[in-house]
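# Structure at a glance
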Amino acid sequence: MTPTTADPAAPPLRIGILGVARITGEAVVLPARALGHRLAAVASRDRARAEFFAELCGVERVHATYEDVLADPAVDVVYLPLPPALHAHWVLAALAAGKHVLCEKPLAITAEQAARIRSAAHRTDLIVHEAYHHLCHPLWDRIGDLAAPPVGGARALGELASVRVDLSMPSPGPDDPRWSRRLGGGALLDLGCYGLQIAHLLAPACGGAPTVESASVRLADGRRAPVDESVTVALRYPGGAHAQVHASIAAASTRHRLRVAGRDGTLEADGILLPHLGGALAVHRNGAPAGPAGGTALFTRPSTYTHQLARFAARVRYGAPMPFGWSPDDAVAVARLVDDARAAAGLGAA
């Protein structure tokens, strides 16, 4: 595992922040403090808000515009927490300015945008990291080990038959960007993309990449246009296994669950997006607890975001590998699943 404490021998990342979103404190500010990185600069559409954020969080400089952050020679990494519809533009601008990028998910709202980012990253030889932070946590290392194709031995769960991902949260406030279709809101691009990403990363264990068979949505009144408050997507793998992804941003409670069923056993995980708050993993073989090789395990801190920034820093500094299922190619593949789910559900163009 990548260390999740400060490395005094390594130079700190100098992080520039584009936009002051609620997630920024948990996703970058606290991990940067824990790991010894610098918050070099910030800009927001509201200068006063950026100044307040900088004073509260110890950011070194406040710039008037996002472009000024990208032009700052004291910034070598950009963190981008803007609404999804703005991601592709600013990721491409950051790469053109010679900056590595840590971008909140989804990296782009269409496969065409994701492919453009992939090409720019390859051309510039810079790191673009789509912030599926949960994958950096030890819970997902364990899930990957259990679901992976066998190498010189039997797969823990046997041949996989089904994958179910259930992700939900209570409704955010009426002014939340998730209710704006123009900004890339809705359940599909908020929680649904997590589920499709999970279905994608399990592809090697299921005989190949999944395809979307059907999708349905429940619409709610959003800002200016109806927005999907929930989405259900059915997928099929070449080997015959099937998957279902359900996501809701208007549920009675929060659920982050995964169930993977195989011929010889079943994996059930709870708290899969924020396992540091108490994620749990249980493995049963033919209906009985799996024992020392599987069994039940609980997962806590450090946070997924601290693990993520540690791995991102190691990638930028030393070229260290990222977690399984995480590359520009993976981002394009997941964006295609989002495109196909959007079309199957009749949501129209992004």
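The coordinates are above.
My aim in this report is to walk through the structure given alongside it, one point at a time.

Analysis parameters
- Residues numbered from 1 in each chain as written.
- Predicted model: local features only at pLDDT ≥ 70, side-chain atom pairs only at ≥ 80, totals over all residues.
- Heavy atoms only, no water.
- Helix = DSSP H or I, 4+ residues; strand = E, 2+ residues; numbered from the N terminus.
- Rg over C-alpha atoms; globule rule 2.2 N^0.38 Å.
- Buried < 20%, exposed > 50% of the residue type's maximum accessible area, 1.4 Å probe, protein only.
- Areas by Shrake-Rupley, 256 points an atom, 1.4 Å probe, with all protein chains shown as cover.
- Lys, Arg positive; Asp, Glu negative; His and termini not counted.
- Charge placed at Lys NZ, Arg CZ, Asp CG, Glu CD.
- Salt bridge = Lys/Arg side-chain N within 4 Å of Asp/Glu carboxyl O.
- Phe/Tyr/Trp six-rings, centres within 6.5 Å; stacked < 30°, edge-to-face > 60°.
- Contact = heavy atoms within 4.5 Å.
- Disulfide = S-S within 2.5 Å.
- Pairing = 2+ DSSP bridges.
- Axes fitted to C-alpha atoms, helices over the stretch in contact; angles between N-to-C directions.
- Parallel < 35°, antiparallel > 145°, perpendicular 65-115°, else oblique.
- Left-handed = near helix turned anticlockwise from the far one by under 90°.
- Nonpolar A, V, L, I, M, F, W, Y, C, P; charged D, E, K, R; others polar.
- Polar contact = N/O pair within 3.5 Å; in protein donor to acceptor, adjacent residues only side chain to side chain.

Moving on: the overall build of the chain. Scanning the chain from N- to C-terminus turns up nine helices and 15 strands. Taking 20 Å as the expected radius of gyration for a compact globule of 350 residues, we find that the chain reaches 20 Å, a close match to that expectation. Among the 350 residues that make up the chain, the fraction classed as buried is 55%. Summing over all exposed atoms, the chain offers an accessible surface of approximately 14600 Å²; the carbon and sulfur share of this is 53%. In the chain, the 34 positive side-chain charges and the 32 negative ones have mean positions that sit 1 Å from each other.

What the rule picks out here adds up to 19 salt bridges. With a shortest N-O distance of 2.9 Å, Arg178 and Asp176 are connected by a salt bridge. We classify Arg178 as partly exposed; its relative accessible area is 23%. When its relative accessible area of 7% is taken as the criterion, Asp176 is described as buried. When the shortest N-O distance is used, the salt bridge between Arg259 and Glu268 registers 3.3 Å. Taken together, the shared-partner salt bridges connect Arg22, Lys105, Asp176, Arg178 and Asp190 into one network.

Attention now goes to the packing of aromatic side chains. Within the structure shown, the criterion is met by two aromatic pairs. When the ring of Tyr132 is compared with that of Tyr194, the centres are 5.5 Å apart and the planes differ by 75 degrees; the resulting orientation is edge-to-face. Note that Tyr132 is positioned in the loop between strand 6 (128-130) and helix 6 (138-147) and Tyr194 in helix 7 (residues 187-201), a separation of 62 residues in sequence. In terms of burial, Tyr132 and Tyr194 fall into one category: buried.

Moving on, we come to the environment of Gly19. Here Gly19 lies in the loop between strand 1 (14-18) and helix 1 (24-35). The spatial distance from the C-alpha of Gly19 to the C-alpha of Thr65 is 9.5 Å, given a sequence separation of 46 residues. When neighbours within four sequence positions are excluded, Gly19 is seen to be in contact with Thr24, Ala43, Tyr66, Pro81 and Leu82.

To continue, consider the state of the cysteines. Scanning the model with the defined rule gives zero disulfides in all. Free of any disulfide, Cys103 has its nearest cysteine sulfur in Cys193, 11 Å distant.

With an omega of -10 degrees, the peptide bond between Lys105 and Pro106 qualifies as cis. In this structure, Arg224 takes a positive phi of about 75 degrees despite not being glycine. Within the secondary structure, Arg224 is located in the loop between strand 8 (211-220) and strand 9 (227-236).

Turning next to the pairing of strand 10 (residues 242-248). Across the seven residues that make up strand 10, a large majority, five, are buried. Taken together, the seven bridges between strand 7 (residues 160-168) and strand 10 define a ladder with parallel strand orientation. Note on strand 10: the bridge partner recorded for Asp166 is His246. Relative to strand 10, strand 9 runs antiparallel, the two being bridged by seven bridges. Within the sheet, the bridge partner assigned to Val231 lies in strand 10 and is Ala247. Connecting the antiparallel pair strand 9 and strand 10 is a turn made up of five residues, with Gly240 showing a positive phi of about 105 degrees.

Glancing now at the packing of helix 7 against helix 9 (residues 328-344). The N-to-C vectors of helix 7 and helix 9 enclose an angle of 120 degrees; their axes lie 9 Å apart at closest approach. Considering the angle they form, helix 7 stands oblique to helix 9. Like other packed secondary-structure pairs, helix 7 and helix 9 cross with a definite hand, here right-handed. Residues Leu188, Leu189, Cys193, Leu196, Gln197 and His200 of helix 7 form the contact with helix 9, whose own contacting residues are Asp330, Ala333, Val334, Leu337, Val338, Ala341 and Arg342. The residue inventory of the contact of helix 7 with helix 9, partitioned by class, reads nine nonpolar, two polar and two charged.

Let's shift gears to the environment of Asp72. Structurally, Asp72 is set in the loop between helix 3 (66-71) and strand 4 (77-80). In this structure the C-alpha to C-alpha distance between Asp72 and Arg315, which are 243 residues apart in sequence, comes to 22 Å. When sequence neighbours within four positions are dropped, the list of residues in contact with Asp72 reads Ala41, Arg61, His63 and Lys99. In terms of polar contacts, Asp72 uses its side chain to reach the backbone amide nitrogen of Ala74, at 2.8 Å.

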